[in-house]
Amino acid sequence: MKLTVSKAIGQALHEEMARDKNVILLGEDVGVMGNVFAITAGFRDEFGLDRVIDTPISESGFTGIAVGAAMRGLRPVVEWMYNDFISVCLDPVMNQAAKLRYMTGGQVKIPVVFRAPMGAGRRNAGQHSQCLEALFTHIPGLKVVCPSTAADAKGLLKAAIRDDDPVVFLEHKLLYARKEEIPDGEYVIPLGKADIKRPGKDITILTWSRQVLFALEAAEALAMEGIDAEVLDLRTLVPLDWEAVRASVCKTHNAVVVEEGVKRGGVGAELSAQITEELFDELDSPVGRVAGMNVVSPFSPVLEDAQFPHPEDIVAGVKKTLGR
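Residues numbered from 1 in each chain as written. Predicted model: local features only at pLDDT ≥ 70, side-chain atom pairs only at ≥ 80, totals over all residues. Heavy atoms only, no water.

(A) A look at the packing of helix α8 (residues 211-223) against helix α12 (residues 311-322). One can describe the packing of α8 onto α12 by two numbers: an axis separation of 8 Å at closest approach and a directional angle of 60 degrees. In terms of their interaxial angle, α8 and α12 are classed as oblique. In the crossing of α8 with α12, the sense of the turn from one axis to the other is right-handed. Between α8 and α12, the contacting residues are Gln211, Phe214, Ala215, Glu217, Ala218, Ala221 and Leu222 on the first element and Pro311, Ile314, Val315, Val318 and Lys319 on the second. (Axes fitted to C-alpha atoms, helices over the stretch in contact; angles between N-to-C directions. Helix = DSSP H or I, 4+ residues; strand = E, 2+ residues; numbered from the N terminus. Parallel < 35°, antiparallel > 145°, perpendicular 65-115°, else oblique. Left-handed = near helix turned anticlockwise from the far one by under 90°. Contact = heavy atoms within 4.5 Å.)

(B) Geometry of unusual backbone geometry. Following Val238, the chain continues into Pro239 via a peptide bond in cis, with omega recorded as -5 degrees. Relative to the elements of secondary structure, Pro239 occurs in the loop between β12 (236-238) and α9 (242-252). For Ser209, which is not glycine, the phi torsion reads 55 degrees and is therefore positive. With respect to the helices and strands, the residue Ser209 is situated in the loop between β10 (203-207) and α8.

(C) Region of interest: α9. Taken together, the buried positions of α9 are occupied by Trp242, Val245, Ser248, Val249 and Thr252. For α9, the angular spread of buried residues about the axis comes to 130 degrees, placing them on one side. Where the residues of α9 are buried, they touch β10, β11 (229-233), β13 (255-262) and α10 (267-279). His253 occupies a position one or two residues after α9 and carries a positive phi of about 65 degrees. (Buried < 20%, exposed > 50% of the residue type's maximum accessible area, 1.4 Å probe, protein only. Arc of directions from axis to C-beta.)

(D) Summary view of the sheet that holds strand β3 (residues 52-54). Strand order in the open sheet formed by 7 strands is β3-β2-β4-β5-β7-β6-β12, and the pairing between neighbours is mixed. What marks the edges here is a single partner per strand, and that holds for β3 and β12. Strand-to-strand, the axes of this sheet are offset by a mean angle of 20 degrees, without reference to chain direction. Pairing analysis gives 3 bridges linking strand β4 (residues 75-79) to strand β5 (residues 113-118), with the strands arranged parallel. (Pairing = 2+ DSSP bridges.)

(E) The arrangement of the side chain of Asp20 in detail. Mapped onto the elements of the fold, Asp20 is located in the loop between α1 (5-19) and β2 (23-27). Within polar-contact distance, the side chain of Asp20 engages the backbone nitrogen of Asn22 at 2.9 Å. Other than its neighbours up to four places away in sequence, Asp20 contacts Arg51 and Arg75. (Polar contact = N/O pair within 3.5 Å; in protein donor to acceptor, adjacent residues only side chain to side chain.)

(F) A look at the pairing of strand β14 (residues 288-292). In this structure, β13 lies alongside β14, joined through 4 bridges in parallel fashion. Bridge pairing in β14 places Val256 opposite Gly288. In this fold, the crossover linking β13 to β14 by way of α10 has right-handed handedness. (Right-handed = clockwise from strand over helix to strand, strands pointing away.)

Structure follows, in structure tokens:
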């Protein structure tokens, strides 16, 4: 069956709401409008006002409500209209949801999912175009998921909803319209399991979200020049599938980390350091990084496209790492 990424996400939400009456949705425009990307269209009529809740424009308020609801046994799925809006509701996420299970000695579970679109490319300017996964990975207690395909988005979201810990689930806006094959029937993809999207032997490209597609394009271009690149889609940044990273790097002996988010303080910096610290003897070259520029995302199409990596940038990064 083929579905767009947005429809696959909607299907996962629908299936989980039908399966478990404790799953509820909260967010701006999730009910009457069915979400700004039509992901939850019709949910309000089917599941009722008590389970599909249109909220005021108060991210701090409804995020805090969701954390409290999770403490009392519900499984809220919170939608932030853009991941950029975490700036106004960080306390209930960082200091409450992420900490309470540990601080209560496991007596309280926090089964809440924070969904949010992210990423540049739609000319939404600086306040609506960021990739902030690095911020979330820095907060102990949060799990962080960044799918790249429709099948992964559905399977990972179902796993996130069933998880007893808070999960930040980040969806790239420019993936929503992609139509892809997904498995028929019930399936769940465990959190913390990476996926080899393209096997290779010369270098490992570690990436996630929309950059997986660019990495695959780059790998095909590199193959024309005799470079066989493996593309490892991390899918879940926390927990990280370190064994998959280790196995791939130990096979290729070279690595490049690719991310759309800005390079300074990015996830790539952490991955590069961890690979260097733990797999130094396996490396034939320093770990390369390809990432967004350390600038505010521009509104100008020309400038925005120059701000984040494209396939040709990944090709150049791989060649630089390999000394080609």
